[in-house]
Amino acid sequence: MSLKSLSCDVGFADAEFDQYVKEHSQLKVIIVAWNHMKIELVFQDVIQLLDQGIGDIADVCVETTQTDLLASALNNMYESVPTTHPYQEYVFINNEDSCSLSIIAASVVVKVIA
């Protein structure tokens, strides 16, 4: 994996999942930061979601290389995968430095909501 951390004013370290809700192709993930502030991540045009046991969060990143999960999602999405596409893999990393939630989506907006 080659990961780049997403930007957030509060920071993701020591955060916990609160909830996630998928409506059509949009996924909202709410996490509670170390200082009890809530952070909302809204993923647009989600084509794949892999929940591998949600727990504490150390970081939220975007994968900068093509993984097997991204390749699989693209093969399911396209009859012939184009050389350029909007999709990226977003990864929630737990305190054991493992992936707890992976999302293949076209974009994400991160904001502190409370």
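Residues numbered from 1 in each chain as written. Predicted model: local features only at pLDDT ≥ 70, side-chain atom pairs only at ≥ 80, totals over all residues. Heavy atoms only, no water.

A. Spotlight on a negative patch on the surface. Judged by side-chain charge, Asp 14, Glu 16, Asp 56 and Glu 96 come together as a negatively charged surface patch. Tracing the backbone shows Glu 16 in strand β2 (residues 15-23). Look at Glu 16 and you get partly exposed, because its relative accessible area is 45%. (Patch = residues over 30% accessible without salt bridge, like charges linked within 9 Å, V, L, I, M, F, W, Y side chains within 5 Å. Areas by Shrake-Rupley, 256 points an atom, 1.4 Å probe, with all protein chains shown as cover. Salt bridge = Lys/Arg side-chain N within 4 Å of Asp/Glu carboxyl O. Lys, Arg positive; Asp, Glu negative; His and termini not counted. Charge placed at Lys NZ, Arg CZ, Asp CG, Glu CD. Helix = DSSP H or I, 4+ residues; strand = E, 2+ residues; numbered from the N terminus. Buried < 20%, exposed > 50% of the residue type's maximum accessible area, 1.4 Å probe, protein only.)

B. Seen up close, the nonpolar core. Counting residues in each nonpolar core, the largest one holds 22 residues, and the members touching the most others are Phe 12, Val 29, Ile 31, Leu 41, Phe 43, Phe 92 and Ile 103. Among the secondary structure elements, those contributing two or more residues to this core are β2, β3 (26-32), β4 (38-44), β7 (59-63), β8 (88-93) and β9 (99-105). Excluding its chain neighbours within four sequence positions, the residues that come into contact with Leu 41 are Leu 6, Phe 12, Leu 27, Lys 28, Val 29, Ile 31, Val 60, Phe 92, Val 108, Val 109 and Val 110. (Core = buried A, V, L, I, M, F, W, Y, C linked by side-chain atoms within 4.5 Å. Contact = heavy atoms within 4.5 Å.)

C. Representation of unusual backbone geometry. Its identity is not glycine, yet His 36 carries a phi of approximately 70°, on the positive side. Among the structural elements, His 36 can be located in the loop between β3 and β4. Look at His 36 and you get exposed, because its relative accessible area is 67%.

D. A look at the pattern of salt bridges. As enumerated under the stated definition, the model contains two salt bridges in all. We note a salt bridge from Lys 38 to Asp 18, for which the minimum N-O separation is 3.2 Å. With Lys 38 in strand β4 and Asp 18 in strand β2, this residue pair connects regions lying 20 residues apart in the sequence. The exposure class of Lys 38 is partly exposed, given its relative accessible area of 32%. In this structure, the salt-bridge partner of Lys 111 is Glu 40, at a minimum N-O distance of 3.7 Å. Of this pair, Lys 111 sits in strand β10 (residues 107-112) while Glu 40 sits in strand β4, placing them 71 residues apart in sequence.

E. Just the sheet that holds β8, in detail. In spatial order, the strands read β1-β7-β8-β9-β5; together these five strands make up an open sheet with antiparallel pairing. The open sheet has two edge strands with one neighbour each: β1 (3-5) and β5 (48-51). If you compare each strand with its neighbour and ignore which way they point, the axes differ by 25° on average. When β8 meets β9, the two strands line up antiparallel, connected through six bridges. When the bridges of β9 are listed, Tyr 90 appears paired with Ile 103. (Pairing = 2+ DSSP bridges. Axes fitted to C-alpha atoms, helices over the stretch in contact; angles between N-to-C directions.)

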